[in-house]
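Observations on the model geometry
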Amino acid sequence: MSGDGMYDKLITLLDEHGATYRVIEHAAEGATEAVSALRGNELGQAAKCIIVMVKVGKKVTRYALAVVPGDKRVDLTKVKTLYEGTYASFASQEAAERLAGSQSGTILPFSFDEGLELFVDPELLRNPEIYFNAARLDRSVALSSNDYLSIAKPRVEVIAQA
């Protein structure tokens, strides 16, 4: 699915649930720091979305969509531990984009793929709103954190580096 298709899917989902959100149009940018400056949000309000590949034993590979505040990094060891895995790394760009349905830099903090489990760090949810690129480099969404929790239904786990 293209970025535009995922964008439409996101907006439809938010509207179906009566979510409180705003769409923000801006210059095309995928880097969290740069796009936060364009949107005018604090870095800690930005949802940085990283897909992590975890090996569980020799034959099982799992994928996690790890969502952390924009001023933090994903702690791969913590994600590995959640799966009782033996190895964790960032997913390849190809795997990440296939699972997310959009290009790197525009990955949504929602999972629309049953093979991608969604985790969010509780620190991000301290903000009344979260900001993220909406499957497009030139468009973002500011979404109520409470609506995000109720719609996305992530596992809330400490996954950011201290």
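Residues numbered from 1 in each chain as written. Predicted model: local features only at pLDDT ≥ 70, side-chain atom pairs only at ≥ 80, totals over all residues. Heavy atoms only, no water.

So, the packing of aromatic side chains
How two aromatic rings sit relative to each other is given by the distance of their centres and the angle of their planes. Following the criterion strictly, the structure yields four aromatic pairs and no others. Aromatic pair Tyr 83 and Phe 119: ring centres 5.8 Å apart, planes at 80°, arrangement edge-to-face. Here the residue Tyr 83 occupies a position in the loop between α3 (76-82) and β4 (87-90), and Phe 119 occupies one in strand β5 (residues 116-120), the gap between them amounting to 36 residues. With 5.4 Å between their ring centres and 85° between their planes, Phe 110 and Tyr 148 make a pair best called edge-to-face. In this pair, Phe 110 sits in the loop between α4 (93-100) and β5 while Tyr 148 sits in helix α5 (residues 145-152), placing the two residues 38 residues apart along the sequence. Taken as a pair, Phe 110 and Tyr 148 share a single burial class, namely buried. Members of the aromatic cluster, joined through ring pairs, are Phe 110, Phe 112, Phe 132 and Tyr 148. Its guanidinium or amino end placed over the ring of Tyr 7, Arg 136 lies 5.5 Å from that ring's centre, counting from NZ or CZ. In this arrangement the basic side chain of Arg 139 is found over the ring face of Tyr 7, its NZ or CZ atom lying 5.0 Å from the centre. (Phe/Tyr/Trp six-rings, centres within 6.5 Å; stacked < 30°, edge-to-face > 60°. Helix = DSSP H or I, 4+ residues; strand = E, 2+ residues; numbered from the N terminus. Buried < 20%, exposed > 50% of the residue type's maximum accessible area, 1.4 Å probe, protein only. Lys NZ or Arg CZ within 6 Å of the ring centre and 35° of its normal.)

Some details on the pairing of strand β6 (residues 129-136)
Within β6, seven of the eight residues are buried, leaving the element largely enclosed by the surrounding structure. As judged from the six bridges shared by β6 and strand β7 (residues 139-144), these two strands associate in the antiparallel manner. Of the residues in β7, the one forming a bridge with Arg 136 is Arg 139. (Pairing = 2+ DSSP bridges.)

Here's the deal with the nonpolar core
Counting 35 residues, the largest nonpolar core has Ile 51, Val 67, Phe 110, Phe 132, Leu 143 and Tyr 148 as the members making the most contacts within it. Elements that contribute at least two residues to this core include exactly α1 (3-16), β2 (47-56), β3 (60-69), α4, β5, β6, β7 and α5. Dropping the residues within four chain positions of it, Val 67 is found in contact with Ala 47, Lys 48, Cys 49, Pro 109, Leu 118, Phe 119, Val 120, Asp 121, Leu 124, Tyr 148 and Ile 159. Grouped together as the second largest cluster of nonpolar side chains are 12 residues, Ala 66, Tyr 83, Ala 88 and Ala 160 included. (Core = buried A, V, L, I, M, F, W, Y, C linked by side-chain atoms within 4.5 Å. Contact = heavy atoms within 4.5 Å.)

Some points on the sheet that holds strand β1 (residues 21-25)
Where strands meet in a sheet, backbone hydrogen bonds hold them as pairs that are either parallel or antiparallel. Read from one edge of the open sheet, three strands run β1-β7-β6, paired in antiparallel fashion. A single partner strand is all that each edge strand has here, and the edge strands are β1 and β6. In this sheet, adjacent strand axes meet at a mean angle of 25° when their direction is disregarded. Summarising the sheet, β1 and β7 pair through five bridges and their orientation is antiparallel. Bridged to Tyr 21 within β7 is Leu 143. (Axes fitted to C-alpha atoms, helices over the stretch in contact; angles between N-to-C directions.)

Brief notes about α4
Buried within α4 we find Ala 95, Ala 96, Leu 99 and Ala 100. The arc enclosing the buried residues of α4, seen along the axis, measures out at 120°, which places them on a common side. Counted as exposed and oriented over 90 degrees from the buried face of α4: Gln 93 and Glu 94. Backbone geometry just after α4 places Gly 101 at a positive phi near 80°. (Arc of directions from axis to C-beta.)

Remarks on the sheet that holds strand β8 (residues 155-156)
Taking strand neighbours across the sheet as the criterion, the five strands line up as β4-β2-β3-β5-β8 in an open arrangement whose pairing is mixed. For this open sheet the edge positions go to β4 and β8, each flanked by a neighbour on one side alone. Relative to β5, β3 runs parallel, the two being bridged by five bridges. Paired with Tyr 63 across the strands is Leu 116, a residue of β5.

Looking at the layout of surface pockets
Roughly 320 Å³ of internal volume is contained in the largest pocket. If you trace the largest pocket, you find 23 residues lining it, with Cys 49, Ile 50, Gly 105, Thr 106 and Ile 107 closest to the centre. Those elements that place two or more of their residues in the lining of the largest pocket are α2 (32-39), β2, α4 and β6. Considering every element that reaches the lining of the largest pocket, the biggest residue donor is β2, with five residues. A breakdown of the residues in the lining of the largest pocket according to their chemical character gives 13 nonpolar, eight polar and two charged. (1 Å grid on protein atoms, 1.4 Å probe; cavity = no way out; pocket = protein on both sides within 12 Å on 5 of 7 lines; lining within 4 Å. Points joined across faces, edges and corners; volume = space filled by probe spheres on them. Nonpolar A, V, L, I, M, F, W, Y, C, P; charged D, E, K, R; others polar.)

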